[in-house]
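Analysis of the macromolecular model
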Amino acid sequence: MFLTETHVQVRETARNFADTVIRPAAESLDREERFPSEIYEQMAELGLFGIGVPEELGGPGFDTVTYAVVMEELARGYSSVADQCGLVELICTLLVRHGTGEQKKLLGDVLSMRRKVAYCITEPEAGTDVSGIRTTATRDGDGWILNGGKIWIHNAPVADLGFVLARTDKEAGNRGMSIFIVDLHSAGVSRGPKEHKMGQRASQVGALTFSDVKLGPDSLLGEEGRGFHMMMSVLDKGRVGIAALATGITQAGLEAAVEYASQRKQFGKAISDFQGVQWLLADMAKDIEAARLLVLSAATKIDRGEDATKSCSIAKCFAGDMAVQRTSDAVQVFGGSGYIRGFEVERLYRDAKICQIYEGTNQIQRMIIARELLKKGARS
Ligand SMILES: Cc1cc2nc3c(=O)[nH]c(=O)nc-3n(C[C@H](O)[C@H](O)[C@H](O)COP(=O)(O)OP(=O)(O)OC[C@H]3O[C@@H](n4cnc5c(N)ncnc54)[C@H](O)[C@@H]3O)c2cc1C
C-alpha cells in the first residue's frame, strides 16, 4: 500500500545498509556514546542524506514518503543514526526553501557530511514555548552580532554550522525572530560538554553559547522576522520523520522478541507457545502496522500539498507513545535478560522514550490535534 517501485528500491538500500552496517554497530555505539563518522560517510555515498533535496541542487529529489521509509529502516538499525538523517533533512529543507543562491551552495557540504549541522532553537527558559527565546541578533553595520545560549542541541559538540533562531526585534513577538547560519568555529562560540543521555546515546547533544559573535549580512536565512514561521513550516515533515523513526525502533524490538520467544524454553516448551507471550507479540505487530500506515498517510498528504498538520501530529503522537509501550513489551518477552545491558531490547526501550519528547512533546501534539479538530471539525 502507498509504495511505488522507487520507494521499495530505496527502502531495500536503506534496509540492507541497516542490516549489514548499522545494527551490528549499535550496541557498541550506545555503550561508547560515539559519533559514527564512518557510518555517515557511507550513508552520504549511498545518497541517504537530504532525501528531498532536488536533483538540480545535488540531492536525490525524493518525496516525503521516501524520507519516511528511509527513516524507519535506518531506525530499525539504530535510531541515533536515523536521527542524523532527520536533522540533515530538516536543515536541507530550510536551505532549499529559503536559502539564497550562495547559501544553497552549502548543500553539497551538508549532504556529504563534510560540514555537520545543528538546529538551534531550545534555550534554558524556552523549550515547548519557543516564543520565550532570549538569544538576540542585533544589527551591526550590514551584519549582526549574536548573543545568547542554546541547550540540548543535537550535534552541538561536533557541528560546523548552526542554524540559530534568534530574536531580531524584542517588541515583535513571534514576528521578531530570525534564523541565522552561524559558522560554529567563529570567535565567540563556545560549546558545553556532551550530555550523557538515557537513550540514542550515539547522538551528540550539548549546549552552545554565543558571545558577541560577528555575523555577515549573508548569514540571515530567509526574511528577517520570519524565523518562527520558517521553523514551524518544517515541523510537519520533522514529525513524520520522528514517527517513522519510532516505528523503526519498535520493529527492531518485534524482530528481536519473535526470535527470542521462539528459542527460549520454559516448562519444556518455547515461550512462544504460551498465549500470554503471543499476545504481547500480536499487540506489538498490530500497533507497528497502525503507526506505519499513519506515517505513510501523513507523508502522502505532505507530498500532495494537502493540509497535513493534524495527520503529522497524530502520527508522531501515536508512534511515539506506541514505541515506548511496545518496546517495553519487547523487554517483557525477554524477561530478566531484557533488563540487562547488551540485549538489544534494553537499548530500544531507552531509545524510544525521546520520541515522546522532541519535535514537540506528545502533550503538544495532542493540543495541536484538538486545536485542529475544534477549528475545522471532527471530520477534518
Ligand atoms: C536528546 C534531545 C535532543 C534534542 N535536540 C534538539 C535540537 O537539536 N535542537 C533544539 O532546538 N532542541 C533540541 N532538544 C530540545 C527539545 O526540543 C525540548 O526538550 C522539547 O521541546 C521540550 O522542551 P523542554 O524540555 O524545555 O520541556 P518543557 O517545555 O519545560 O515541558 C515540560 C513538560 O511540560 C509539558 N508542557 C509544556 N507546555 C505545555 C502546555 N502548554 N500544555 C501541556 N503540557 C505542556 C511538556 O509536554 C513536558 O511534558 C532536544 C532534547 C533532547 C532531550
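1. Examining the pairing of strand β5 (residues 177-183)
- Within β5, six of the seven residues are buried, which leaves it mostly tucked inside the rest of the structure.
- Relative to β5, strand β4 (residues 161-167) runs antiparallel, the two sharing seven bridges. Following the sheet pairing, A166 is matched in β5 by S178.
- Bridge count for β5 against strand β8 (residues 220-221) is two bridges, and the pairing is antiparallel. Opposite I179, over in β8, you have L221 as the bridge partner.

2. Here's the deal with the domain arrangement of the chain
- For the chain, the assigned domains are domain 1 (5-111), domain 2 (117-227) and domain 3 (231-376).
- Put simply, the middle of domain 1 and the middle of domain 3, counted by C-alpha atoms, are 20 Å apart.
- The interface of domain 1 with domain 3 comprises 26 residues on the first partner and 29 residues on the second.
- Taking both partners together, domain 1 and domain 3 bury about 2200 Å²; carbon and sulfur atoms supply 58% of that area.
- Of all residues in domain 1, T64, E72 and L90 bury the most surface against domain 3, accounting for 25% of the area lost on that side.
- Along the contact surface separating domain 1 from domain 3 lie six salt bridges.
- With a shortest N-O distance of 2.8 Å, E255 and R23 are connected by a salt bridge.
- Sort the elements by how many residues they give to the side of domain 1 that touches domain 3 and helix α3 (residues 64-77) lands first, with ten residues.
- Among the residues making up the side of domain 1 that touches domain 3, the classes are represented as eleven nonpolar, six polar and nine charged.

3. Remarks on the packing of helix α10 (residues 309-334) against helix α12 (residues 362-376)
- Where α10 meets α12, the closest approach of the two axes is 9 Å, and the angle between their N-to-C directions is 145°. With respect to the hand of their crossing, α10 and α12 are arranged in left-handed fashion. When α10 is examined against α12, the residues T309, K310, S313, I314, K316, C317, G320 and D321 are found in contact with a partner set consisting of N362, Q365, R366, I368, I369, R371, E372 and L373.
- Looking at side-chain class alone, the contact of α10 with α12 contains five nonpolar, five polar and six charged residues.

4. Description of the site of the ligand
- Around the ligand sit 15 residues, and of these Y119, T122, T128, W152 and T361 come closest.
- Measuring from a nitrogen atom of the ligand, one finds a backbone N or O atom of Y119 at 2.8 Å.
- In the environment of the ligand, a nitrogen atom lies 2.7 Å from a nitrogen or oxygen atom belonging to the side chain of T122.
- Summarising the interface, the protein chains cover 62% of the accessible area of the ligand, which totals 980 Å² for the free molecule.
- Within the residue set of the shell around the ligand, elements represented by two or more residues are β3 (143-154) and α12.
- No other element matches the three residues that β3 contributes to the shell around the ligand.
- Of the residues belonging to the shell around the ligand, the class tally is eight nonpolar, six polar and one charged.
- Residue contributions to the shell around the ligand reach at least three from each of two domains, namely domain 2 (117-227) and domain 3 (231-376).

5. Focus on the environment of P157
- Looking at the secondary structure, you find P157 in the loop between β3 and β4.
- Given the relative accessible area of 25%, P157 is considered partly exposed.
- Separated by 51 residues in sequence, P157 and L208 place their C-alpha atoms 8.4 Å apart.
- The contacts of P157, once residues within four sequence positions are left out, are R191, K194, Q204, V205 and G206.

6. Quick look at a nonpolar patch on the surface
- Nonpolar side chains collect at one region of the surface, where Y339, I340 and F343 lie side by side and expose about 350 Å² of accessible area between them.
- By the element assignment, I340 lies in the loop between α10 and α11 (344-353).

7. A closer look at unusual backbone geometry
- You will see that M113, though not glycine, has its phi angle at about 65°, which is positive.
- For M113, the position within the fold is in the loop between α6 (106-111) and β1 (117-120).

8. Structural notes on the environment of E125
- Take E125: it is sitting in the loop between β1 and β2 (136-140).
- Sequence separation between E125 and G86 is 39 residues; the distance between their C-alpha atoms is 25 Å.

9. Regarding the packing of helix α8 (residues 235-263) against α11
- Interaxial distance between α8 and α11 falls to 10 Å at its minimum, and their mutual angle equals 160°. Our classification of the angle between α8 and α11 gives roughly antiparallel. Seen along the crossing, α8 lies across α11 with a hand that is left-handed. Contact residues: I249, A252, G253 and A256 in α8; E344, V345, L348, D351 and A352 in α11.

Basis of the calculations
All residue numbers refer to position in the chain's written sequence, counted from 1. This being a predicted model, a pLDDT of at least 70 is required before a residue's local features are given, and a value of 80 or more before pairs of side-chain atoms are given or counted; all residues contribute to the totals for chains, interfaces and linings. The basis for every side-chain value is the complete set of heavy atoms in the structure, and neither hydrogens nor water enter the calculation. Type-normalised accessible area, obtained with a 1.4 Å probe on protein chains alone, sets the label of each residue: buried when under 20%, exposed when over 50%, and partly exposed for intermediate values. Numbering of helices and strands runs from the N terminus; a helix is a DSSP stretch of H or I covering at least four residues, while a strand is a stretch of E covering at least two. We treat two strands as partners when DSSP finds at least two bridges between them. Domains are outlined according to an automatic or database domain assignment. Contact criterion: two residues are considered in contact whenever any of their non-hydrogen atoms come within 4.5 Å of each other. Summed over both partners, the accessible surface that disappears when two parts come together, traced with a 1.4 Å probe, is what is meant by buried area. The salt bridge criterion pairs a side-chain nitrogen of Lys or Arg with a carboxyl oxygen of Asp or Glu, the two atoms within 4 Å. Polar here means any residue outside two lists: the nonpolar Ala, Val, Leu, Ile, Met, Phe, Trp, Tyr, Cys and Pro, and the charged Asp, Glu, Lys and Arg; Gly therefore counts as polar. Helix axes are fitted to C-alpha atoms over the stretch in contact, other axes to C-alpha atoms as well, and angles between N-to-C directions run from 0 to 180 degrees. We call a crossing left-handed when the near helix sits turned anticlockwise from the far one by less than a right angle, and right-handed when that turn is clockwise. Throughout this document, a residue counts as near a molecule or strand when at least one of its heavy atoms sits within 4 Å of that molecule or strand. In protein, a polar contact requires one atom able to donate a hydrogen and another able to accept it; more generally it is a pair of N or O atoms within 3.5 Å, and residues adjacent in sequence count only if both atoms are side-chain atoms. Using a 1.4 Å probe, accessible areas were evaluated by the Shrake-Rupley method; residue-level cover was limited to the displayed protein chains. Patch membership is restricted to residues that have no salt bridge and whose relative accessible area is over 30%. Joining uses 9 Å for like charges and 5 Å for the nonpolar side chains Val, Leu, Ile, Met, Phe, Trp and Tyr. Any angle between 65 and 115 degrees counts as roughly perpendicular, while under 35 counts as roughly parallel, over 145 as roughly antiparallel, and the rest as oblique.

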